[in-house]
Amino acid sequence: MEVKPRRKDIVIIASAHNPSIIAPQWLKDNSLILEEPIHFVHTPDFSLFESESFSLLVDHQRLQITAKKQDDATLNSLADLAAKYVDLLPHIPYQSLGLNFTWSVEMAEGETLPKIEVNINGTDLLSVFEDHDVHYGGIIYARSAIYVLKLVIESQEKNSLINNFNFHHELKGRSLEDIRQFIGNFSTRYDDSLRILKNLYSLGEKE
């Protein structure tokens, strides 16, 4: 069994993002992304910037920054980029923050997927779908003092499980210092997601 990181991104929901300012020169002048664009779309309502390491997508309600590489340096730069954006635009009414990680759990030849059991009011779902090939997944909500974690587990083909972690933070009424701190915990939440996977799938110290 092998655990592999597949995706890391930060989503900031607000009521007044300004897509028209998201241009390569603005990103470079403000030390957000220094890399040259591979692909760039710029409109008053929607902007997309893609470089070798990052993808940045913004409309009036939603900013999404995605790491295109899975190394630690890109992970840290992603959080730094999001924090600088908030510092540059403190007047925006920020509403929520999502720190998101996708992992795959893949089986080697001869291994079987971990068993996930589901029943509703004691009803075995296998008996309900007796004429079908059934694969189980699940959604788990876990609330802490500062975020709500939503973990979605989906079966992919017959040899892997996709695990999508969303650490959701409410930002209404929060100070910029709080928001920066939540973003600054990005690598900690990444470690938390890996720890949860190891415990769920009894992986010990394996990665």
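Heads up: the structure comes first, above all this text.
Computed from a predicted structure; not experimentally measured.

Calculation notes
Residues numbered from 1 in each chain as written. Predicted model: local features only at pLDDT ≥ 70, side-chain atom pairs only at ≥ 80, totals over all residues. Heavy atoms only, no water. Helix = DSSP H or I, 4+ residues; strand = E, 2+ residues; numbered from the N terminus. Areas by Shrake-Rupley, 256 points an atom, 1.4 Å probe, with all protein chains shown as cover. Lys, Arg positive; Asp, Glu negative; His and termini not counted. Charge placed at Lys NZ, Arg CZ, Asp CG, Glu CD. Axes fitted to C-alpha atoms, helices over the stretch in contact; angles between N-to-C directions. Parallel < 35°, antiparallel > 145°, perpendicular 65-115°, else oblique. Left-handed = near helix turned anticlockwise from the far one by under 90°. Contact = heavy atoms within 4.5 Å. Nonpolar A, V, L, I, M, F, W, Y, C, P; charged D, E, K, R; others polar. Core = buried A, V, L, I, M, F, W, Y, C linked by side-chain atoms within 4.5 Å. Buried < 20%, exposed > 50% of the residue type's maximum accessible area, 1.4 Å probe, protein only. Arc of directions from axis to C-beta. Pairing = 2+ DSSP bridges.

When helices and strands are tallied, the chain shows five helices and eleven strands. In terms of overall dimensions, the chain has a C-alpha envelope of 60 × 35 × 35 Å along the principal axes. Accessible area for the chain stands at about 11,400 Å²; split by element, carbon and sulfur atoms hold 49% of it. If the 20 positive side-chain charges of the chain are averaged to one point and the 30 negative ones to another, these points end up 3 Å apart.

Each packed pair of helices is defined by two parameters, the angle between the axes and the distance between the axes. At a minimum axis separation of 9 Å, helix 2 (residues 72-88) and helix 4 (residues 176-184) run at an interaxial angle of 170°. If you check the angle between helix 2 and helix 4, you find them roughly antiparallel. Both helix 2 and helix 4 take part in a crossing whose hand is right-handed. In contact with Ala79, Ala82, Ala83, Val86 and Asp87 of helix 2, helix 4 contributes Leu176, Ile179, Arg180 and Ile183. The class makeup of the residues in the contact of helix 2 with helix 4 is seven nonpolar, no polar and two charged.

Next up on the list: the nonpolar core. With 50 residues, the main nonpolar core has Ile10, Ile12, Leu56, Tyr94, Phe101, Phe165 and Ile183 as its most contacted residues. Counting residues per element, this core draws most heavily on helix 2, which supplies eight residues. Each residue touching Phe165, except ones within four places of it in the same chain, is listed here: Leu99, Asn100, Phe101, Trp103, Leu149, Lys150, Leu151, Ser193, Ile196 and Leu197.

A few words on the side chain of Ser96. Among the secondary structure elements, Ser96 is positioned in strand 6 (residues 94-106). Sequence-distant contacts of Ser96, defined by excluding residues within four places in its chain, comprise Val11, Ile12, Ile13, His168, His169 and Leu171.

Glancing now at helix 4. Within helix 4 the residues assigned to the buried category are Ile179, Phe182 and Ile183. An end-on view of helix 4 places all buried positions within 100° of arc, on one side of the element. Of the surrounding secondary structure, the elements contacted by the buried residues of helix 4 are strand 1 (2-14), helix 2, strand 6, strand 11 (160-170) and helix 5 (186-200).

Where helix 2 contacts helix 5, the axes come no closer than 9 Å and their chain directions differ by 130°. By the angle class used here, helix 2 and helix 5 are oblique. Listed contacts from helix 5 to Leu75, Asn76, Leu78 and Ala79 of helix 2 are Phe186, Ser187 and Tyr190. Among the residues forming the contact of helix 2 with helix 5, the class breakdown is five nonpolar, two polar and no charged.

Hydrogen bonding along the main chain pairs the strands of a sheet, whether they run parallel or antiparallel. Read from one edge to the other, the open sheet built from nine strands follows the order 2-3-4-5-1-6-11-10-9, with strand pairing classed as antiparallel. Each edge of the open sheet is held by one strand with a lone partner, namely strand 2 (39-42) and strand 9 (138-143). Geometrically, the sheet is characterised by an average inter-axis angle of 15° between neighbouring strands, direction not taken into account. Judged from the six bridges that link them, strand 9 and strand 10 (residues 148-156) form a sheet pairing that is antiparallel. Bridge pairing in strand 10 places Ile140 opposite Leu151. Along the sheet face, helix 2 touches strand 1, strand 4 (54-59), strand 5 (62-67) and strand 6 and points at about 5° away from the line of strand 1. Running at roughly 40° to strand 6, helix 5 makes contact with strand 1, strand 6, strand 10 and strand 11 of the sheet.

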